[in-house]
Amino acid sequence: MKSVPHATSLRRAPVQRRSAERLTRILDACADLLDEVGYEALSTRAVAARAEVPIGSVYRFFGNKRQMADALAQRNLERYTERVAERMKGERRGDWRAAVDAVLDEYLAMKRTAPGFSLVDFGNQIPVGARQAEPNTRVADRLTDLLAGHLGRNPGEELRRVFLVAVESADTLVQLAFRVAPEGDPAIIHETRELLRAYLGRVLD
């Protein structure tokens, strides 16, 4: 089954498989409609119609479209973490450069292909168009917990700070790359990768 958001982002957590599948359909519909009509024109009624569920099913989980977008962002983070973890299974332990490539490449892949991601990503665009620090802190904490063991590092305050600086820097540069070119300007992405390697090399080499 596809990942669903943590219960804290929902009015009511799905208990049965059927309920979880309905929640997945609702979030899939929300993501598709974000790409098609944007956030302002998004409505809970349109999401219910696209998901082919009663409007009451949407309100069972969400009070409004903002809560849906929040849940979609949380699901994006869960899926991103899963993708990075899967990628790291085939990499040599301690190879932090491979970890950097996995972290950046999987983010770029989701930005290019995941419905609704360009408007919501991990919550950085909520409210839509805003860039907020808190989601990047969550991303950095997730990456610290995920990669510390693989890198043979203590997942303490120093590593979390280093990863937060890396995430904030990469986030800003990737946004620039996608403003320059719809699929992300390759030259800026290359510079982003080099910047991350130079910065992280101070700590991880």
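Just above, that's the structure.
Below: a short report on this structure.

Parameters and conventions
- Residues numbered from 1 in each chain as written.
- Predicted model: local features only at pLDDT ≥ 70, side-chain atom pairs only at ≥ 80, totals over all residues.
- Heavy atoms only, no water.
- 1 Å grid on protein atoms, 1.4 Å probe; cavity = no way out; pocket = protein on both sides within 12 Å on 5 of 7 lines; lining within 4 Å.
- Points joined across faces, edges and corners; volume = space filled by probe spheres on them.
- Helix = DSSP H or I, 4+ residues; strand = E, 2+ residues; numbered from the N terminus.
- Nonpolar A, V, L, I, M, F, W, Y, C, P; charged D, E, K, R; others polar.
- Salt bridge = Lys/Arg side-chain N within 4 Å of Asp/Glu carboxyl O.
- Buried < 20%, exposed > 50% of the residue type's maximum accessible area, 1.4 Å probe, protein only.
- Expected span 1.5 Å × (residues − 1).
- Phe/Tyr/Trp six-rings, centres within 6.5 Å; stacked < 30°, edge-to-face > 60°.
- Core = buried A, V, L, I, M, F, W, Y, C linked by side-chain atoms within 4.5 Å.
- Contact = heavy atoms within 4.5 Å.

Details of the layout of surface pockets
Then comes step 1: In this structure, the second largest pocket occupies an estimated 160 Å³ of space.
Then comes step 2: Sorting the residues of the lining of the second largest pocket by element identifies helix H1 (17-41), helix H4 (65-88) and helix H5 (96-113) as the ones contributing at least two each.
Then comes step 3: Here the residues of the lining of the second largest pocket sort into 5 nonpolar, 2 polar and 5 charged.

As for the pattern of salt bridges
Then comes step 1: Applying the stated criterion across every chain yields a total of 16 salt bridges.
Then comes step 2: Residue Arg83 is joined to Glu106 by a salt bridge in which the shortest nitrogen-to-oxygen separation is 2.8 Å. Here Arg83, found in helix H4, pairs with Glu106, found in helix H5; they are 23 residues apart in sequence, far enough to count as distant.
Then comes step 3: Its relative accessible area of 32% is what places Arg83 among the partly exposed residues.
Then comes step 4: Close ionic contact of Lys89 with Glu86 constitutes a salt bridge, the shortest N to O distance being 3.0 Å.
Then comes step 5: Classification of Lys89 by relative accessible area gives exposed; the value is 64%.

Regarding helix H9 (residues 186-204)
Then comes step 1: The end-to-end C-alpha separation of H9 is 26 Å, in line with the 27 Å expected for 19 residues at 1.5 Å each.
Then comes step 2: When H9 is considered as a whole, its buried residues turn out to be Ile188, Ile189, Thr192, Arg193, Leu196, Leu200, Gly201, Val203 and Leu204.

Here we look at the packing of aromatic side chains
Then comes step 1: A complete count under the given rule lists 6 aromatic pairs for this structure.
Then comes step 2: Here the aromatic rings of Tyr80 and Phe122 are separated by 5.1 Å at their centres, their planes lie at 45 degrees, and the arrangement is tilted. Taken together, the residues span a long stretch of sequence, with Tyr80 in helix H4 and Phe122 in the loop between helix H6 (117-120) and helix H7 (133-151) at a distance of 42 residues. Neither residue differs from the other here; Tyr80 and Phe122 are each classed as buried.
Then comes step 3: Measuring from ring centre to ring centre gives 5.3 Å for Phe117 and Phe122, while their planes differ by 85 degrees; the resulting arrangement is edge-to-face.

Here we look at the nonpolar core
Then comes step 1: The biggest cluster of nonpolar side chains holds 36 residues, and the ones touching the most others in it are Tyr80, Phe163 and Leu200.
Then comes step 2: Looking at this core, the elements with two or more residues in it are H4, H5, H7, helix H8 (157-180) and H9.
Then comes step 3: The contacts of Phe163, once residues within four sequence positions are left out, are Ala140, Leu143, Thr144, Leu147, Leu151 and Leu200.
Then comes step 4: Ala29, Val47, Val53 and Val58 belong to the second largest nonpolar core, which has 23 residues in total.

Side note on empty space enclosed by the protein
Then comes step 1: Applying the stated criterion across every chain yields a total of 1 cavity of 30 Å³ or more.
Then comes step 2: Lining the largest cavity are 23 residues, and of these Tyr80, Val103, Leu143, Val167 and Ala170 lie nearest its centre.
Then comes step 3: Listing elements by their share of the lining of the largest cavity, those giving two or more residues are H5, H7, H8 and H9.
Then comes step 4: Residue classes in the lining of the largest cavity are distributed as 20 nonpolar, 2 polar and 1 charged.

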